[in-house]
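Observations on the three-dimensional arrangement
Below, each chain spelled out in residue letters.
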Amino acid sequence: MSKVATRFAPSPTGALHIGGVRTALFNWLYTKNQNGTFHLRIEDTDKERSKEEYKLQIIKSLKWIGIEHDGDEYIQSKKIDDHIKVANELLKNGNAYKCYCSTEEIEEQKKRAKQKKIPYVYDRKWRDVDEKDCPKNIKPVIRFKSKIDGSSLLKDLVQGDVQIENNSIEDFIILRNDGTPTYNLSVTVDDHQMGMTHIIRGDDHKINTFKQIQIYLAMGWEVPKFAHIPLIHTLEGKKLSKRDNASTLDDYSKIGIMPDALRNYLLRLGWSYQDKEIFTLDESIKFFNLEGIGKSPSKLDISRILSMNEHYIKTIDENDLYTNLVNYCEIYKDKINTQKETKIKSSLSFLKNKAKTLEDIFNNAKYIILDEVKFNEDDLKLIDNKAKKIINEFQNEIKSLESLNKENLEPIINKLIKQNETNFKGVGQPLRIALTGSKFGPGLYDIFISLGKDDVEQRLGKIL
RNA sequence: GGUCCCUUCGUCUAUCGGUUAGGACAGCUGGUUUUCAUCCUGCAAAGGGGGGUUCGAUUCCCCCAGGGACCGCCA
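Residues numbered from 1 in each chain as written. Chains lettered and ligands numbered in written order. Predicted model: local features only at pLDDT ≥ 70, side-chain atom pairs only at ≥ 80, totals over all residues. Heavy atoms only, no water.

Some words on the pairing of strand E10 (residues 225–229)
Most of E10 is tucked away, with four of its five residues classed as buried. Across five bridges, strand E9 (residues 198–202) lies against E10 in parallel orientation. Bridging from a neighbouring strand, Gly 202 pairs with Ile 229 of E10. Read from E9 through helix H6 (residues 206–219) to E10, the crossover connection turns out right-handed. (Buried < 20%, exposed > 50% of the residue type's maximum accessible area, 1.4 Å probe, protein only. Helix = DSSP H or I, 4+ residues; strand = E, 2+ residues; numbered from the N terminus. Pairing = 2+ DSSP bridges. Right-handed = clockwise from strand over helix to strand, strands pointing away.)

As for the packing of aromatic side chains
A full pass over the atoms with the stated rule returns 11 aromatic pairs. Taking the centre distance of 6.3 Å and the plane angle of 75° together, the rings of Tyr 216 and Trp 221 count as edge-to-face. In this structure Tyr 216 comes out as buried when scored by relative accessible area, which is 1%. Plain terms: the ring middles of Trp 271 and Tyr 273 are 6.3 Å apart, the flat faces sit at 15° to each other, and that makes the pair stacked. Relative accessible area serves as the criterion here: at 1%, Trp 271 is assigned to the buried category. Overall, the relative accessible area of 26% leaves Tyr 273 in the partly exposed class. In this structure an aromatic cluster arises from ring pairing among Phe 26, Trp 271, Tyr 273, Phe 279, Phe 287 and Phe 288. The ring of Phe 279 carries Lys 276 above its face, with NZ or CZ at 5.1 Å from the centroid. (Phe/Tyr/Trp six-rings, centres within 6.5 Å; stacked < 30°, edge-to-face > 60°. Lys NZ or Arg CZ within 6 Å of the ring centre and 35° of its normal.)

Section: the sheet that holds strand E4 (residues 96–99)
Reading across the sheet, the three strands line up as E4-E5-E8 and stay open at both edges, with antiparallel pairing between neighbours. Whereas interior strands pair on both sides, the edge strands pair on one side only; in this sheet they are E4 and strand E8 (173–175). Strand-to-strand twist across the sheet, computed as the mean angle between neighbouring axes with direction ignored, equals 45°. Taken together, the two bridges between strand E5 (residues 141–144) and E8 define a ladder with antiparallel strand orientation. Note that in E8 the partner of Ile 142 across the bridge is Leu 175. (Axes fitted to C-alpha atoms, helices over the stretch in contact; angles between N-to-C directions.)

Observations regarding the side chain of His 233
Here His 233 shows up in strand E11 (residues 232–233). If we ignore the near neighbours within four places in the chain, the residues touching His 233 are Lys 238, Lys 239, Leu 240, Pro 297, Ser 298, Lys 299 and Leu 300. (Contact = heavy atoms within 4.5 Å.)

Here's the deal with the packing of helix H11 (residues 318–332) against helix H13 (residues 358–369)
Orientation of H11 relative to H13, taken along the N-to-C sense of each, is 85°, at an axis distance of 10 Å. As the angle between them shows, H11 and H13 are arranged roughly perpendicular. The residues of H13 that touch H11, namely those facing Leu 321, Asn 324, Leu 325, Tyr 328 and Cys 329, are Leu 358, Glu 359, Ile 361 and Phe 362. By residue class, the composition of the contact of H11 with H13 is seven nonpolar, one polar and one charged. (Parallel < 35°, antiparallel > 145°, perpendicular 65-115°, else oblique. Nonpolar A, V, L, I, M, F, W, Y, C, P; charged D, E, K, R; others polar.)

In short, the description is geometric, and any link to function would need to be established separately.
Quick look at the structure:
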């Protein structure tokens, strides 16, 4: 038994789609579990739409979630000559033939079939025509001589046995009339040359598999094992497409979803291991298997992603959380000044209790991260004369204090409540707004302590 | 339309013939609480329909219905 080798083969025609990320994850996890190798193939033969920047973005996205491929990436467009060679070989050994039908001719046939409401299949017009009877002035396409009789069985590792009548697979084109290879040929040749043992890919490729297997067989190559995983659907139940909102990785990272949380969510979307919900990276490698993959498509649910992220925010090491926060803020928000590191780190224990995302943490920590308090008009209105009086009294009370802590602040707050014949809110809210610019946020004592005496005095002074 | 696949709480799922059908998220209660949260109680919530097989079906088989994927000289 040869060592397991898998691949992820995206086409660089756009940002990486979350369904693609899951496919990559499953391949990678399976490979790690089996101690094999995981490869990345860039299917860039669509010259019109493929872009180098997308390739880079794909690699970056995979890396973000923790996936790195073995070896260099395999660039499909560089292997076109090999694909053509195989097509010619297929032609030579009688498994393929030249078809001289024009595009118009085919279109016409399709149209007619549609009118008659019968399924269109290419009529194999040139399948058995002798070479000497063929026109010389038309550039032909090369079609694969697909099996007509009997049926084929795919022993799919996820879907189980899938059987299909051979005559439902038409003589598909493997070489266009401009001499370039088509998808099914290229994929098969590449997978073979790359030595792939397991092809784990989306369900939408299932029918292609029957075509590809025939090429393997015709070339006398070893056929890899296939596992077709169900697609991810939108909440409406449709195939996730690039046009759908929030379906690229970036959409999630920019709202402050952490890579590990998304990895865990994606792992459990369509795969399960008893009742276990939370998997560390090591655990996901250790427990991942193909048997745990379900057969029915699953829907993408943002609330579960959020709660998974919340769970990771609350449970991971605070140093790791801080690193995640710094990385996040640098890309999407204001860069965190390293001088603020100590203050923020020590505040994480209460900041994270109010956060589902890194963005939430950023918002709650804004008053520390930013040097200037940003007020909004409505909140500022709450600082009336009465409020100012309270703030002033508070200033006087803390003057003599060495530093601020809950023990020495609590009596002061209580005193002020009594003095002004009000409640906690009456004292707390003006102070909170003066210090953070917001009615909401961390506990009042947490704010004082995290800011420190100097900052508190300075900010309170400013508002009076 | 043809071919293939799928069908357990709203969502992700457990169950590999015998369970009060379990868990998680979301939802809704109640409690703690200094705003907002967190945290802790509890509640509600599911086998698409119809036939079989069996002592017994969510589980095995068939039919129907619903949903999905594919049907390019795109990948």
